[in-house]
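# Observations on the three-dimensional arrangement
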Amino acid sequence: MNFSFDTIWHNLPYLLAAARWTILISVSGMAISLVWGTALCATRLSANPFLRGAAVLYISFFRGVPLLVQLLLFYYALPYVGLDLPAVQAAILATGLCSAAYTAEILRGALQSIPSGQTEAAYALGIPSFSLWRRILVPQAVRIGMPSLVNELILLVKVSSLASVVGIGELTRISQNITGETYRPLEIYITAAVIYFAINWVLSISGRLIEKKLQIG
Amino acid sequence: METELFVRYGPALLYGFGITILCWLAGSIGGVIVGFILACLNRWGPHALSWVIYVYVEIIRGTPFMIQLFILYYGGPYIGLVLSPVQAGITSFVVYGSPYFAEIFRSGFNAIPKGQIEAARCVGMPETRILWRIILPQMLVPITAPLTNFFIILTKETAILSVVTVPELLFQTQTMAAETFTFVEPFLALSLFYWLMVLVTGWIGAKVEQRVTRHLKRA
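Residues numbered from 1 in each chain as written. Chains lettered and ligands numbered in written order. Predicted model: local features only at pLDDT ≥ 70, side-chain atom pairs only at ≥ 80, totals over all residues. Heavy atoms only, no water.

## Observations regarding the pattern of salt bridges
Residue and element names in this part refer to chain A. What counts is decided by this rule: We define a salt bridge as a side-chain nitrogen of Lys or Arg found within 4 Å of a carboxyl oxygen belonging to Asp or Glu. A simple rule labels every residue: compare its accessible area, found with a 1.4 Å probe on the protein chains alone, to the largest value its type can have, and call it buried under 20%, exposed over 50%, or partly exposed in between.
In total, this model carries five salt bridges over all chains according to the counting rule given. Among the salt bridges present, the one from arginine 184 reaches glutamate 187, with a minimum N-O distance of 3.1 Å. The exposure class assigned to arginine 184 is partly exposed, which follows from its relative accessible area of 22%.

So, in structure tokens, the structure goes:
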């Protein structure tokens, strides 16, 4: 069979439009993941054993169950307990809540690599604990955790392809639809792969730039 | 909880579990072997080859597993590659996993001090024995944890195979849910099941790590 560049050319606008959904899902997922992950990390490090246990359980569960299963659980099972989410919201929530577990662990690793002497010195100087986090711990943790966080964002872009399963018209789903019309899976899926690759490539390059900017000295 | 459902669909679920384990084991063992060959070629092969491997690693790591699966399963027949769903699942696992494994092995190779390898060459050890006697046993220490990590990731990726109708555990559960209109119990049970599988894999990984690092603990 001949590789049809015509098919690619004709369908490229639709694929690019669909890529916007891919970006929307992964960026919103990342936003939820950062906020919820920070809270989770704080809970994980708290002195209260019940809170800590709950956070450990949460992280273990969300890291231990395939995201596809979580997505199906959110989309198909939640309505039975009275929480009927539209597909896009379910997908964003599932990716965000799952990714938060990983973000929490990344941040925990980063926080624990900051020498504890700094915290002790801050307490000795009477710096309140909010300022300690805001001025001393978080800026350093972000710098240390940055490579892993960019990695996580790239993972989220790839993982957003799972949202096609609940019927969201993102890149993978639209590729499936176009393949159904044109019977040219090779061309369409390879184009989709190239688009995913381009998005991730831009992300990893900007990640490296940000890392450079955050570096001191 | 509707227990009689699980009794009725028990055989199908058990069969799905078997397929999940088959795809996982065959795919990850194949991925480890191909990844190891890639890492060796990258280290000892010609320079041009390491560029090809670099491009391969970047492409596979930059695209979603689902798209790779679609290209192989739906696009394959157009270039004369007709695979059954299970075959496509295992093959795509090998293709998807090998670059990650190759990177893990590469970091392992780099962890061995150069002086040891130079010394081994000086006493006349052949390259293959250097690999087998000096590099591999020491390399196991830094790579066991990332290997376990990736085995766990692959455990969870098996769920994606259901999309190309591989009759694995998630596929059987979806069939059961669609036929009986029960969603909450099957999917919750399935989640717990995957969780258990991941915990067991992590536990085995921790045991292996204890074993390969035992020479470091004796003080």
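## Here we look at the environment of Thr213(B)
Residue and element names in this part refer to chain B. Spelled out, the test is: Comment: elements are numbered from the N terminus, with helices defined as DSSP H or I runs of at least four residues and strands as E runs of at least two. We call two N or O atoms a polar contact when they sit within 3.5 Å, provided that within protein one can donate a hydrogen and the other can accept it, with sequence-adjacent residues counted only if both atoms are side-chain atoms.
When you line up the elements, threonine 213 lands in the loop between helix H9 (184–212) and helix H10 (214–217). Residue class for threonine 213 comes out buried when judged on its relative accessible area of 10%. In this structure the side chain of threonine 213 is engaged in a polar contact, spanning 2.7 Å, whose partner is the backbone oxygen of glutamate 209. At 3.4 Å, the side chain of threonine 213 and the backbone oxygen of glutamine 210 are in polar contact.

## So, the packing of aromatic side chains
Residues and elements named next belong to chain B. The cut-off we apply is this: Pairing of aromatic rings covers Phe, Tyr and Trp, the last through its six-membered ring, and needs centres within 6.5 Å; plane angles under 30 degrees mean stacked, over 60 mean edge-to-face, and all others mean tilted. Comment: the charge-over-ring label is applied if NZ (Lys) or CZ (Arg) is within 6 Å of the ring centre and within 35 degrees of the ring normal.
Counted by the stated rule, this structure contains 24 aromatic pairs over all chains. A centroid spacing of 6.3 Å and a plane angle of 55° characterise the contact between phenylalanine 36 and phenylalanine 109, whose relative ring orientation is tilted. Here phenylalanine 36 is found in helix H2 (residues 10–44), whereas its partner phenylalanine 109 is found in helix H5 (residues 85–110), with 73 residues between them in sequence. Classification of phenylalanine 36 as partly exposed rests on a relative accessible area of 22%. Residue placement shows arginine 43 over the ring face of tryptophan 44; its charged tip is 5.3 Å from the ring centre. Over the ring of tyrosine 100 we find arginine 61; its NZ or CZ atom is 6.0 Å from the centre of that ring.

## Regarding the UniProt feature "domain: ABC transmembrane type-1" (unreviewed entry) in chain B
Note the cut-off: UniProt positions are given in the numbering used here, feature names are shortened, and annotations may be inferred rather than shown by experiment.
Annotation from UniProt places "domain: ABC transmembrane type-1" (unreviewed entry) at residues 17–205 of chain B. Secondary structure content for residues 17–205 of chain B is 82% helix and 0% strand, and the end C-alpha separation is 21 Å.

## A look at the interface of chain A and chain B
By a widely used convention, the size of an interface equals the accessible area lost when the partners come together. Counted only if it meets this: By definition, residues are in contact when any of their heavy atoms lie within 4.5 Å. Two parts placed together each lose some accessible area; with a 1.4 Å probe, that loss summed over both constitutes the buried area.
On the side of chain B, 34 residues touch chain A, which itself brings 33 residues to the contact. Between chain A and chain B, roughly 3000 Å² of surface is buried when both sides are summed, and carbon and sulfur atoms account for 78% of that area. Our enumeration of links across chain A and chain B arrives at zero salt bridges. At the junction of chain A with chain B, the criterion picks out seven residue pairs in polar contact (both at pLDDT 80 or more).

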